[in-house]
Amino acid sequence: MSIEQTLSMIKPDGVARGLIGEIIGRFEKAGLKIRALKMLHLTKAQALKFYLVHQERPFYDSLTSFMSSGPIVAIILEGDNAIQVNRDLMGATDYRQAAAGTIRADFAKEIEANLVHGSDSPENAQIEIAFFFNALERV
Ligand code: UDP
Ligand code: MG
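Note that the structure is a prediction, hence the values are computed from the model and not measured.

Colleague: Tell me about the site of ligand 1, and please be specific about residues and values.
Modeller: Taken together, Lys11, His54, Phe59, Leu63, Arg87, Thr93, Arg104, Ile111, Glu112 and Asn114 form the complete shell of residues around ligand 1. Between an oxygen atom of ligand 1 and a side-chain N or O atom of histidine 54, the distance comes to 2.9 Å. A distance of 2.9 Å separates an oxygen atom of ligand 1 from a polar atom in the side chain of arginine 104. For ligand 1, the accessible surface in isolation is 500 Å², of which the surrounding protein chains cover 82%. For the shell around ligand 1, the per-class residue count stands at three nonpolar, three polar and four charged.

Below you can see the structure in the form of structure tokens.
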């Protein structure tokens, strides 16, 4: 058993399409606990900072414009192996390759607007959690 925390985001498409409850329901049904949650609208500058790891990628400008196009929901999820459990619920980045029953396979219609973000390592989880939540906001 390894209790981890991970940072999830419901992206602007998920919020706009009314899928907040559907997505959070999947997290809870999978046994992940919500430890913090907030809705906010990232600026372009904030999105550029969050996705700095992708600054050399061709999709960096488009992705960060999309991520600042509307409100998002940031969530700290906690549970045994939470980083991988969340990635498994999300499905592959490209919805066409995502396993059946995953969030992206069930709802995504394009590779960029793919509904959810999830941390990919313990190191990045800590960086991404600290990006959104201060100590007072974490239970
Ligand atoms: N993305 C994109 N085109 C690509 C690859 C990624 O628009 O060819 C977007 C997509 O929204 C993805 C995000 O960039 O979720 C971050 O990419 P990453 O490879 O980290 O995928 P993730 O960890 O979200 O599965
Ligand atoms: Mg990623």
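Colleague: Explain the packing of aromatic side chains to me, using residue names and the numbers behind them.
Modeller: Under the definition given, this model contains five aromatic pairs. Both rings, one in phenylalanine 50 and one in tyrosine 51, keep their centres 5.0 Å apart while their planes meet at 80°; by these two values the pair is edge-to-face. Each member of the pair phenylalanine 50 and tyrosine 51 is classed as buried. Their ring planes at 55° and their centres at 6.5 Å tell us that phenylalanine 132 and phenylalanine 133 sit as a pair that is tilted. Each member of the pair, phenylalanine 132 as well as phenylalanine 133, is classed as buried.

Colleague: Please give an account of the nonpolar core that cites residues and values.
Modeller: A general trend in soluble globular proteins is that nonpolar side chains are found buried together. In this structure, Leu7, Met9, Tyr51, Met67, Ile72, Phe132 and Phe133 are the most contacted members of the largest nonpolar core, which totals 18 residues. For this core, the secondary structure elements donating two or more residues are strand E1 (3-10), helix H3 (44-50), helix H4 (60-67), strand E3 (72-80) and helix H7 (122-132). The element contributing the most residues to this core is H4, with four residues. Sequence-distant contacts of leucine 7, defined by excluding residues within four places in its chain, comprise Phe50, Ile75, Asn86, His117, Gly118, Ser119, Glu128, Ile129, Phe132 and Phe133.

Colleague: For the side chain of glutamate 4, give the residues involved together with the corresponding values.
Modeller: Relative to the helices and strands, glutamate 4 is located in strand E1. The side chain of glutamate 4 sits in the buried core without any salt bridge; arginine 87 is the nearest counter-charge, 11 Å away. Among the polar contacts made by the side chain of glutamate 4, one reaches the main-chain amide nitrogen of isoleucine 83 at a distance of 3.0 Å. With sequence-adjacent residues up to four places away left out, glutamate 4 is seen in contact with Leu77, Glu78, Gly79, Asn81, Ala82, Ile83 and Pro122.

Colleague: For the pattern of salt bridges, give the residues involved together with the corresponding values.
Modeller: Scanning all chains against the criterion turns up six salt bridges. Linking arginine 96 and aspartate 94 is a salt bridge whose minimum nitrogen-to-oxygen distance equals 3.0 Å. Residue arginine 96 is classed as exposed on the basis of its relative accessible area, which comes to 61%. According to the relative accessible area criterion, aspartate 94 is buried, its value standing at 11%. By sharing partners, the salt bridges in this structure join Glu22, Arg26 and Asp106 into a single network.

Colleague: Could you give me a rundown of the environment of leucine 37, with the residues and numbers involved?
Modeller: Tracing the backbone shows leucine 37 in strand E2 (residues 33-40). Residue leucine 37 is classed as partly exposed on the basis of its relative accessible area, which comes to 45%. For the pair leucine 37 and methionine 90, spaced 53 residues apart in sequence, the C-alpha separation works out to 18 Å. Excluding residues within four positions of it along the chain, leucine 37 makes contact with Ile24, Val73, Ala74, Ile75 and Phe133.

Definitions and limits used
- Per chain, residues are indexed from 1 in the order of the written sequence.
- The naming scheme follows written order: chains are lettered A onward, ligands numbered 1 onward.
- Residues qualify for local features only when their pLDDT is at least 70, as the model is predicted, and side-chain atom pairs are given and counted only at 80 or more; totals for whole chains, interfaces and linings, by contrast, use all residues.
- Side-chain measures here rest on the full set of heavy atoms in the structure, leaving out hydrogens and waters.
- The nearness test applies per residue and asks whether one of its heavy atoms lies within 4 Å of the molecule or strand.
- Polar contacts here mean pairs of N or O atoms no more than 3.5 Å apart (in protein, one a potential hydrogen donor and the other a potential acceptor; neighbouring residues in sequence count only if both atoms are side-chain atoms).
- The protein chains shown are the only cover counted for residues, whose accessible areas, like all others here, come from Shrake-Rupley with a 1.4 Å probe.
- Amino acids outside the nonpolar list (Ala, Val, Leu, Ile, Met, Phe, Trp, Tyr, Cys, Pro) and the charged list (Asp, Glu, Lys, Arg) are all regarded as polar, and Gly is one of them.
- In summary, the pairing rule links any two rings of Phe, Tyr or Trp, Trp by its six-membered ring, whose centres are within 6.5 Å, and it sorts them by plane angle into stacked for under 30 degrees, edge-to-face for over 60 and tilted for everything else.
- Type-normalised accessible area, obtained with a 1.4 Å probe on protein chains alone, sets the label of each residue: buried when under 20%, exposed when over 50%, and partly exposed for intermediate values.
- Think of a nonpolar core as a cluster: buried Ala, Val, Leu, Ile, Met, Phe, Trp, Tyr and Cys residues, connected wherever their side-chain atoms sit within 4.5 Å.
- Every helix listed is a DSSP run of H or I at least four residues long, and every strand listed is a run of E at least two residues long, numbered separately from the N terminus.
- The contact criterion used throughout is that any non-hydrogen atoms of two residues lie within 4.5 Å.
- For the charge count, each Lys or Arg is scored as positive and each Asp or Glu as negative, with His and the chain ends excluded.
- For this document, the term salt bridge refers to a Lys or Arg side-chain nitrogen within 4 Å of an Asp or Glu carboxyl oxygen.

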